[in-house]
Amino acid sequence: MAAELSCSLLSRAIIGFSCDNMDCDNRKRLNVRLSFLPSHRLLPASCKMRQRNLSSQHKRQHVKKASPDQIPTTGDQLNSDEDSEPENSIPESVSSLDHETMHEDKVDTSSVGAELDNVQKLSSLAVPSVDSSIYANHVDEQNMGSTVVPTTESKINGERIDEQSLSTLIVPAVTNSLAINGDSGEQLSGVQLEDLIGMIKNAERNILLLNQARVHALEDLHKILGEKKALQGEINILEMRLAEADARIKVASQEKIHVELLEDQLEKLHNELIHRGSSARTELETLENQTFSNEEAIMAHDGHVHTLSKEVGTLRMENLALKNDIQVLKTLLGNVKNTDDRIVILEKERSFLEYSLKDLESKLSVSREDVSNLSNLKSECKDLWEKVENLQLLLDKATKQADQAILVLQQNQELRKKVDKLEESLGEANVYKLSSEKMQHYSELMQQKIKLLEERLQKSDDDILSYVQLYQESIKEFQETLDSLKEESKKRALDEPVDNMPWEFWSRLLLFIDGWLLEDKISTSDAEMLRKMVWKRNRRIYEAYMACKEKNERETISTFLSMTSSRTSPGLHIIHIAAEMAPVAKVGGLGDVVTGLGKALQKRGHLVEIILPKYDCMQYDRIQDLRALDTIVESYFDGKLFENKVWVGTVEGLPVYFIEPHHPGKFFWRGQFYGEHDDFKRFSFFSRAALQLLLQADKKPDIIHCHDWQTAFVAPLYWDLYAPKGLNSARVCFTCHNFEYQGTAPASELASCGLDVYQLNRPDRMQDNSALDRVNPVKGAIVFSNVVTTVSPTYAQEVRTAEGGRGLHSTLNFHSKKFFGILNGIDADAWNPASDSFLEVQYSANDLQGKAENKSAIRRRLGLSSTDDRQPLVGCITRLVPQKGMHLIRHAIYRTLELGGQFVLLGSSPVAHIQREFEGIAHQFQNHNHIRLILKYDESLSHSIYAASDMFIIPSIFEPCGLTQMIAMRYGSIPIARKTGGLNDSVFDVDDDTIPLQFRNGYTFVTPDEKGVNSALERAFDHYHNNNESWQQLVRKDMNMDFSWESSASQYEELYAKSVARARATASRA
């Protein structure tokens, strides 16, 4: 019975895949392709995945080996001016399945039903993760033999599937997995990528099949228990009938005893009657004789005779009554005989019922055996789940080792032959198992192989022993070498870098050296040598600085100059010229990018410096060691030379130069960063002063990176004015963070900074594409820069269209070879809920209790209702400008209120009428329990809102990159975003089956209207209210996603390196 159940369940498990009609000729083929999908950082939104279709009919499947597809790679191969874009390797992931413990002793119907429901839920969760990685074609149902899988009643019918089916299901994935595990110590020397794909394919298929088998097994168990219940009911009915028969038999027995007593009484009465009749006749004869002899005696005794006559009459009456009684007794006796017949019939019925009862008891024992077999099946299923978990662990390990497997692809042919042999041997095993003789032969063959393996193992042990001896000998040599190296290391200790000092220390030291150079206290060559020593974090200069803490400046300079020597640079020298830098001067995302990218490049071993205007409204308390240099930088503007005071300090560990113009226009003493009528003059002045500082400080950077239109002037100024003066070592990289803002102005204003208007106001240079009498700084930077980037791959495609390019699409298409889209990152240290000092309670993905406490804290702080802890809170932090979808934000406020949620908005608008409109909405809800609008920027409050909100809405009309959605996910707030620009590259809808399951992280909508917002918002609310466990899993997944600058910095680093290499190659040829 157990074997029949196993076969039935396995036949159920091995069905459901379809086959391509074109290739299936009375055979069943399964074509599976593993899709390596692009990273979420550079993933195109149009990536498609097909789901595996599972047939509802019970069919057999003979799985044939499918050749793995080639691994696709996506990404741009970056190559500066003319190269193709860089490739990006794609991580893959395989989702894991949970399993439930199954009881062996007693099976309850209700518990089985609940367990079946749970398994079906698990199946619905597990299958998408498998389907997200596997493409499966349909199998022609006409070419597949059907297998009948009956329910279990008195016996289980069905086609038997021998143990080979299980081997076919499990062995390939296990064998391949073990092959990889066995070679992992040798870094997968024998693994090829195609084999790895096949292994993962088979293992994931097996996971799905085993899951289906478990579901069907539990369904059969449920049916058997139902049948058991029905049989128990029949047994109860038969027992009742048997009890009734016993009662009737007992009554009949009592009646029979009563009849026997009556017969005894009748016999006694009959004897007594006979005795009395004989006595009466004797007395009568005597009396008659006496009458004839003695009439006198008769007369004398006449009274006595009369008495006797009465007695005789009485006896006759009694005799008649006795006859009547006898007749009644005869009637009763007939009834008793009929009762005896009925008793015989009842006894026959009783024997029949006893036979039926025995039959039912046999059926019950069979049913119990079936239940026992099901328990065995449950244990087998449990073992299968453990094997699945082991397979999953092997798959995880294989995934981690995939990169190493690529390095040994040269050995793939030999491994393929081995796998082919293994599959052939498995095929032979399938044939051997068809008969007992072949099975025995197969067993003998396996024993021979085991003996061979044991011999090899013994040989391996001998080799290991020899290696151990060799190792012990090498230890002695190593010890001798180590002693000599220790002596040499003492000599080299002074030249080793110091790794335990923060970057702020080295930045401060670098600023000291630059200050001495600008103040003419050291020579240019000495400054360059000292910079290189600082760059390498040389221990000698560190010890010199520590020794000079108590010395005056002259003695310190003398000490530093005494150790100048030639050094080589370990990385690139990169200078960012920008209008913003977080946290000291931040308006939007530009400030975060300058700081985050600078820190990431610094960690990668590059020398990074920043040049900023010295605004009067900066956060000076966030600048360390701020001081003015005793030097003046003179820059040209409006036909005159104007002095600039230079300040230095460190921000977030980065060395920063602040330029303070001594210009009558007080360019950066306006109380705000942007929005002045003369912004074109302000920032063109700053761009030239920054280049003048580099020239006067005799810096030789490899890369000058300028950002947005405010410093776009740097590119034409560098090549037209400063490269001829000797500042020619650098390549220029320009990043436009938003093509909406291009800073156009009348062409005549360009002359103020010294550029030639006549030469530059041309269609192929800086002339605006929409107005011939105006110049466009962004266009000029695109033309004059060596590398041009924007802040996301999707936005890079959008701006090359007429709708998204804002007039520059033709220029970008002309220079497309040097134009790239790189998704921005966020500063993972600054935005970290586990260490954020602005939060009421720190928390992490493993402990979400702190998020709930922050939600309660923000409600108290803003005066919102706290009566319902499960009431969702929607957050929004943005600049209130048309680009951000103001009408959609306004609609989202009211729609959230209708759905029973709370809404918090933080932000302000530079547009007066938008600011007034939202001030009116804020006034309307100023005392509301569920809505609050804070129309300003508050750094501390922004961190609290990110931590407290359950959802975060970004309904932008267009969005070049966007950082708020990344920060929101970092803090466990689920994004609700429109599919545009960088939002399309970082937020993927949880209901989008074309996206791999591991990348789905939020809710998106396409159309920028109220209907689109409603759809995404309502789906998010429904998920939050109806599936709390799934929502918490989504929160943890979002918090664990990597949106740091590491990936972006590596792409910028590659762009820089290619551009510098090309420049050096060109210089060497010249």
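Here, every reference points to the structure presented above.
Everything numeric here is computed off the predicted structure, so don't read it as measured data.

Student: I'd love a proper account of the overall build of the protein chain, names of residues and values included.
Tutor: Scanning the protein chain for helices and strands turns up 29 helices and 19 strands. For the protein chain, buried positions account for 48% of its 1070 residues. Intrachain contacts of the protein chain at a sequence separation of at least 6 include 77% that bridge at least 24 residues. Within the structure as shown, the protein chain displays about 52100 Å² of accessible surface, and the carbon and sulfur contribution to it stands at 51%.

Student: I'd love a proper account of the pattern of salt bridges, names of residues and values included.
Tutor: For the coordinates displayed, the defined rule picks out 28 salt bridges. Across the pair D698 and K700 runs a salt bridge whose closest N-O atoms are separated by 3.9 Å. Judged by its relative accessible area of 39%, K700 falls in the partly exposed class. Linked by salt bridges that have partners in common, D514, E528, R531, E609 and K699 make up one network.

Student: Mind laying out the sheet that holds strand β9 (residues 731–736), listing which residues take part and the relevant values?
Tutor: In space, the nine strands of this open sheet follow the order β5-β6-β7-β4-β3-β8-β9-β12-β13, with mixed pairing throughout. What marks the edges here is a single partner per strand, and that holds for β5 (624–637) and β13 (819–821). Going across the sheet, the axis of each strand differs from the next one's by a mean of 25 degrees, ignoring polarity. Pairing between β5 and strand β6 (residues 640–651): nine bridges, direction antiparallel. Of the residues in β6, the one forming a bridge with A628 is W647.

Student: So what's going on with the nonpolar core? Which residues, and what values?
Tutor: Counting 99 residues, the largest nonpolar core has I577, M581, I611, L691, F739 and Y1056 as its most contacted members. In terms of residue count, the dominant contributor to this core is helix α15 (residues 679–696) (nine residues). Discounting chain neighbours no more than four positions away, the residues touching Y1056 are L572, I574, H576, L597, L601, I703, H705 and C733.

Student: Talk me through the side chain of Q742; I want residue IDs and the actual numbers.
Tutor: Summarising the element assignment, Q742 is placed in the loop between β9 and β10 (745–746). There is a polar contact of 3.0 Å between the side chain of Q742 and the backbone oxygen of F739. With residues up to four places along the chain from it excluded, the contact list for Q742 reads W709, D768, N776, P777, V778, G805, R806 and L808.

Student: Give a description of unusual backbone geometry that names residues and reports values.
Tutor: Cis rather than trans, the peptide bond between A582 and P583 has omega equal to 0 degrees. Along the chain, the position of P583 falls in the loop between β3 (573–577) and α14 (589–603). Positive phi values are uncommon outside glycine, yet D625 reaches one of about 55 degrees. Within the element layout of this structure, D625 appears in strand β5. Residues other than glycine seldom take positive phi values, yet D708 does so here, at roughly 60 degrees. Relative to the elements of secondary structure, D708 occurs in the loop between β8 (703–707) and α16 (714–722).

Student: I'd like a rundown of the environment of E354, residues and numbers included.
Tutor: By the element assignment, E354 lies in helix α6 (residues 302–400). By relative accessible area, which is 33% here, E354 ends up partly exposed. Along the primary structure E354 and L242 are separated by 112 residues, whereas in three dimensions their C-alpha atoms are 8.0 Å apart.

Student: Explain helix α23 (residues 912–924) to me, using residue names and the numbers behind them.
Tutor: For α23, spanning 13 residues, the distance from its first C-alpha to its last is 19 Å, which sits close to the expected 18 Å at 1.5 Å a residue. In this fold, the buried residues of α23 make contact with α22 (886–898), β15 (902–906) and β16 (931–934).

Student: A description of the pairing of β15 should follow, citing residues and the corresponding values.
Tutor: For β15, the tally of buried residues reaches five of five residues, placing the bulk of the element in the interior. Of the two faces of β15, the one carrying Q902, V904 and L906 and the one carrying F903 and L905 are both buried. In this structure, strand β14 (residues 873–877) lies alongside β15, joined through five bridges in parallel fashion. Each residue of the ladder has a partner; that of C876, found in β15, is L905. The parallel pair β14 and β15 is bridged by α22, and the resulting crossover is right-handed. In this sheet, β16 lies alongside β15 in parallel orientation, the contact comprising four bridges. Bridged to L906 within β16 is I934. One crossover worth recording links β15 to the parallel β16 by way of α23, and it is right-handed.

Student: Pulling in residues and values, what's your account of helix α11 (residues 524–535)?
Tutor: Compared with the 16 Å implied by 1.5 Å per residue over twelve residues, the 16 Å span of α11 between its first and last C-alpha is a close match. Turning to α11, its buried residues number three or more, namely D526, A527, L530, R531, M533, V534 and W535. The elements touched by buried residues of α11 are α10 (503–518), α12 (539–547), α13 (553–561), β3 and β4 (607–613). Positive phi shows up at R537, right after α11, with a value of about 55 degrees.

Student: Report on the sheet that holds β16, specifying residues and quantitative values.
Tutor: Here we have six strands laid out as an open sheet, ordered β16-β15-β14-β17-β18-β19, and parallel in their pairing. Of all strands in the sheet, those bounded by a partner on one side alone are β16 and β19 (1003–1005). For this sheet, the mean angle separating the axes of adjacent strands, direction not counted, is 15 degrees. Pairing between β14 and strand β17 (residues 951–954): two bridges, direction parallel. Note that in β17 the partner of V874 across the bridge is M951. Along the sheet, α22 contacts β14, β15, β16, β17 and β19; its crossing angle with β15, the most-contacted strand, is approximately 155 degrees.

Criteria and thresholds
- Residues numbered from 1 in each chain as written.
- Predicted model: local features only at pLDDT ≥ 70, side-chain atom pairs only at ≥ 80, totals over all residues.
- Heavy atoms only, no water.
- Helix = DSSP H or I, 4+ residues; strand = E, 2+ residues; numbered from the N terminus.
- Buried < 20%, exposed > 50% of the residue type's maximum accessible area, 1.4 Å probe, protein only.
- Contact = heavy atoms within 4.5 Å.
- Areas by Shrake-Rupley, 256 points an atom, 1.4 Å probe, with all protein chains shown as cover.
- Salt bridge = Lys/Arg side-chain N within 4 Å of Asp/Glu carboxyl O.
- Pairing = 2+ DSSP bridges.
- Axes fitted to C-alpha atoms, helices over the stretch in contact; angles between N-to-C directions.
- Core = buried A, V, L, I, M, F, W, Y, C linked by side-chain atoms within 4.5 Å.
- Polar contact = N/O pair within 3.5 Å; in protein donor to acceptor, adjacent residues only side chain to side chain.
- Expected span 1.5 Å × (residues − 1).
- Right-handed = clockwise from strand over helix to strand, strands pointing away.

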